Amino acid sequence: MRLKDQNALVTGGSRGIGRAIAQAFAAEGAKVAIVYRGNREAADSLVAEINNKGGKAIALQADVADAASVQACVQRVEQELGPINILVNNAGVIEDDLFVRMKPEAWNKVIQTNLGGVFNFCHAVAFGMMQRRSGRIINISSVSAEHVNMGQTNYSASKGAVNSLTRALAVELAKRGVTVNAIAPGFIETDMSAPVRNKAGDRIAKFIPMRRIGKPEDIAKVAVFLASADSAYMTGQVLTVDGGLTLGAVAE
Amino acid sequence: MPTQDEIYSKVSATLVEALNVDEEDIKPTSTLQGDLGAESIDFLDIVFRLEREFGIKIPRGELFPESIFQGDPELVQDGRVTPKGLEELRAKMPFADLTKFEENPEVGNLSNLFTVDLIARYIQGKLESGNQN
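Q: Account for the overall build of chain B, naming residues and giving values.
A: The secondary structure content of chain B amounts to five helices and two strands. Reading chain B from its N terminus to its C terminus gives the helix and strand order α-α-β-β-α-α-α. The C-alpha radius of gyration of chain B comes to 15 Å, within 12% of the 14 Å expected for a compact globule of 133 residues. Its C-alpha atoms give chain B principal-axis dimensions of about 40 × 30 × 25 Å.

Q: Before we move on, can you summarise the pairing of strand S4 (residues 86-89) of chain A with the specific residues and values?
A: Residues and elements named next belong to chain A. Residues Ile86 and Val88 of S4 are buried on one face, and the alternating residues Leu87 and Asn89, pointing to the opposite face, are buried as well. With three bridges joining them, strand S1 (residues 7-11) and S4 adopt parallel strand pairing. The residue bridging Ala8 from the neighbouring strand is Ile86, located in S4. Pairing between S4 and strand S5 (residues 135-140): four bridges, direction parallel. In the sheet register, Asn89 faces S5, and the bridge partner there is Asn139. Read as a crossover between parallel neighbours, the route from S4 over helix H4 (residues 104-132) to S5 is right-handed.

Q: Break down the environment of A:Ala8 for me, citing the residues and quoting the values.
A: All names here are of chain A. Mapped onto the elements, Ala8 comes out in strand S1. We classify Ala8 as buried; it has 29 C-beta atoms within 10 Å. In contact with Ala8, not counting residues within four places along its chain, are Phe25, Ala30, Val32, Asn85, Ile86, Val88 and Ala227.

Q: How would you summarise the environment of A:Val77 if you had to cite specific residues and measurements?
A: All names here are of chain A. Locating Val77 in the fold gives a position in helix H3 (residues 67-80). Exposure remark for Val77: the 25 C-beta atoms within 10 Å place this residue in the buried category. Each C-alpha atom of the pair Val77 and Gly160 lies 29 Å from the other, and the pair is 83 residues apart in sequence. Setting aside anything within four residues of it in sequence, one finds Val77 in contact with Leu9, Ala33, Leu60 and Ile84.

Q: Account for the sheet that holds strand S2 (residues 31-36) of chain A, with residues named and values stated.
A: Residue and element names in this part refer to chain A. The strand order across the open sheet built from seven strands is S3-S2-S1-S4-S5-S6-S7, with neighbouring strands paired in parallel fashion. Across the chains shown, the open sheet's two edge strands, defined by having one partner strand only, are strand S3 (56-61) and strand S7 (238-241). Each neighbouring strand pair of the sheet contributes to a mean axis angle of 20°, computed without reference to strand direction. On the sheet, H3 packs against S1, S2 and S3 and is oriented at approximately 160° with respect to S3.

Q: Residue-level account of unusual backbone geometry, with values.
A: Positive phi is not limited to glycine here, since A:Asp5 has a value of about 65°. Examined against the element boundaries, A:Asp5 turns out to sit in the segment before S1.

Q: Residue-level account of helix H1 (residues 4-19) of chain B, with values.
A: Residue and element names in this part refer to chain B. Over its 16 residues, H1 extends 22 Å from the first C-alpha to the last, a length consistent with the 22 Å expected when each residue adds 1.5 Å. Within H1, the full set of buried residues consists of Ile7, Tyr8, Val11, Thr14, Leu15 and Ala18. Taken around the axis of H1, the buried residues stretch over an arc of 125°, which confines them to a single face. Set apart from the buried face of H1 by more than 90 degrees, the exposed residues are Asp5 and Glu6. Where H1 is buried, its residues contact helix H2 (40-54) and helix H5 (116-128). Two residues or fewer past H1, Asn20 is found with a positive phi of approximately 55°.

Q: Go over the packing of H4(A) against helix H5 (residues 153-173) of chain A with me, naming the residues and quoting the values.
A: Residue and element names in this part refer to chain A. At a minimum axis distance of 9 Å, the contact between H4 and H5 shows a crossing angle of 15°. Considering their axes alone, H4 and H5 lie roughly parallel with respect to each other. In this structure, H4 crosses over H5, and the sense of that crossing is right-handed. When H4 is examined against H5, the residues Ala106, Trp107, Val110, Ile111, Asn114, Leu115, Val118, Cys122, Ala126 and Met130 are found in contact with a partner set consisting of Asn154, Tyr155, Ala157, Ser158, Lys159, Ala161, Val162, Leu165, Leu169 and Leu173. Here the contact of H4 with H5 is composed, by residue class, of 16 nonpolar, three polar and one charged.

Q: Explain the packing of H3(A) against H4(A) to me, and be specific about the residues and the numbers.
A: Residues and elements named next belong to chain A. For the pair H3 and H4, the least separation of the axes is 9 Å and the interaxial angle reads 40°. Compared by their axis directions, H3 and H4 come out oblique. As H3 packs across H4, the resulting crossing turns out to be right-handed. When H3 is examined against H4, the residues Ala67, Val70, Gln71 and Val74 are found in contact with a partner set consisting of Asn120, Phe121, Ala124 and Val125. Considering only residue class, the contact of H3 with H4 consists of six nonpolar, two polar and no charged.

Conventions used here
Per chain, the residues get numbers from 1 upward, laid out in the order the sequence is written. Chain letters and ligand numbers both follow the written order, the letters beginning at A and the numbers at 1. Per-residue local features are limited, in this predicted model, to residues with pLDDT of at least 70; the limit for side-chain atom pairs, both in listing and counting, is 80 or more; totals at the level of whole chains, interfaces and linings are taken over all residues. A run of H or I in DSSP becomes a helix once it reaches four residues, and a run of E becomes a strand once it reaches two; helices and strands are each numbered from the N terminus. For the radius of gyration, the atom set is restricted to C-alpha positions; the globular benchmark scales as 2.2 Å times the number of residues to the power 0.38. Counts of 20 or more other C-beta atoms within 10 Å of a residue's own C-beta define buried residues, counts of 12 or fewer define exposed ones, and intermediate counts define partly exposed ones; C-beta atoms are placed from the backbone. Criterion used throughout: strands pair if DSSP finds at least two bridges between them. Seen with the strands pointing away from the viewer, any crossover whose path from the first strand over the helix to the second strand runs clockwise is right-handed. What counts as a contact here is a pair of residues whose C-beta atoms, placed from the backbone, lie within 7 Å. Under this scheme, a helix contributes an axis fitted over its contacting stretch, all axes are lines through C-alpha atoms, and angles between N-to-C directions fall in the 0 to 180 degree range. The length a helix should cover is 1.5 Å for every residue beyond the first. This arc corresponds to the set of directions leading from the helix axis out to the C-beta atoms. An angle counts as roughly parallel when it lies under 35 degrees, as roughly antiparallel when it exceeds 145, as roughly perpendicular when it falls between 65 and 115, and as oblique in every other case. Left-handed describes a crossing in which the near helix is turned anticlockwise from the far one by less than a right angle; the clockwise case is right-handed. For this classification, the nonpolar set comprises Ala, Val, Leu, Ile, Met, Phe, Trp, Tyr, Cys and Pro, the charged set comprises Asp, Glu, Lys and Arg, and every other residue, Gly included, is treated as polar.

Interpretation note: all reported values are geometric properties and have no functional meaning in isolation.
Right, here's the structure in full:
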């Protein structure tokens, strides 16, 4: 029980990587607040699943891009569970398009959710963590920040900025026992990557030395390490978890 | 209205919590940065705790004036605080004793102004002027 008596908040926690992280944290003894935007059923089913296994979870709706919504959400979580020890900024969206025809709305939405959301939630919890002299902030980034693809200028920009924010915030909070790290997943089996995986089929595995697409649990286990006391001397790092994808070796 | 000693005592206790230092390390003349190891993030925490402890509101820049530190060329030139800058300091920090600083107004020495004693005098001033929350 590596996270016993810790209170965790996971944005985008109803599905995909966020869901796996919430489950993993709960299994390690943490109480988990699952923040979702629209998929209430998924969030509620996860809460039920965790509570039935003897854990404690609550679900709250919030729009990560809306500072007021985020503040209100954090306040409610702290009222119900207590001070937030672990924040996982996992909520993210993609709106891929070729740059020359990308609409401003597509650019703004991705930046405001993927980057603005991280700002809003970090801002709502950082001072409290700093005063308590302990905390864990984990930002879910992407290999796309550095290992770029066609059609993802907005997404790559947002994740690159998250990496820089991770480093800069780590410096400010380090003295107060708050670590700030990021995980850059490669190709993971989630709703977000489903369209690409459907189109590409088996071809993707050729680019991944481990010859398999990652599972949300692969990311969740690293998140547990970052959330735990074991990572106490580590901060400002972006951990790539991609089965070797970004090593650049293509199958023979 | 608490006595001077009571105010000093509470300020000292606040600094112990905010800066994670021992009570014995805190003297009236202790400088926050030099002696007690405070950094900018600690100043924020100190203001927050003082507000809560004494039930007062400390507007941004009133206790720890930021304008001088921004490097405004009217207030700071070549690393020294200008006469205009000194005026600004006197106006913003009426509770501070600037005589020693004025002898050698190097920006680097500004931090020596921020002593435990200064905070206690500031709080006293706020409470006397009825500035309660």
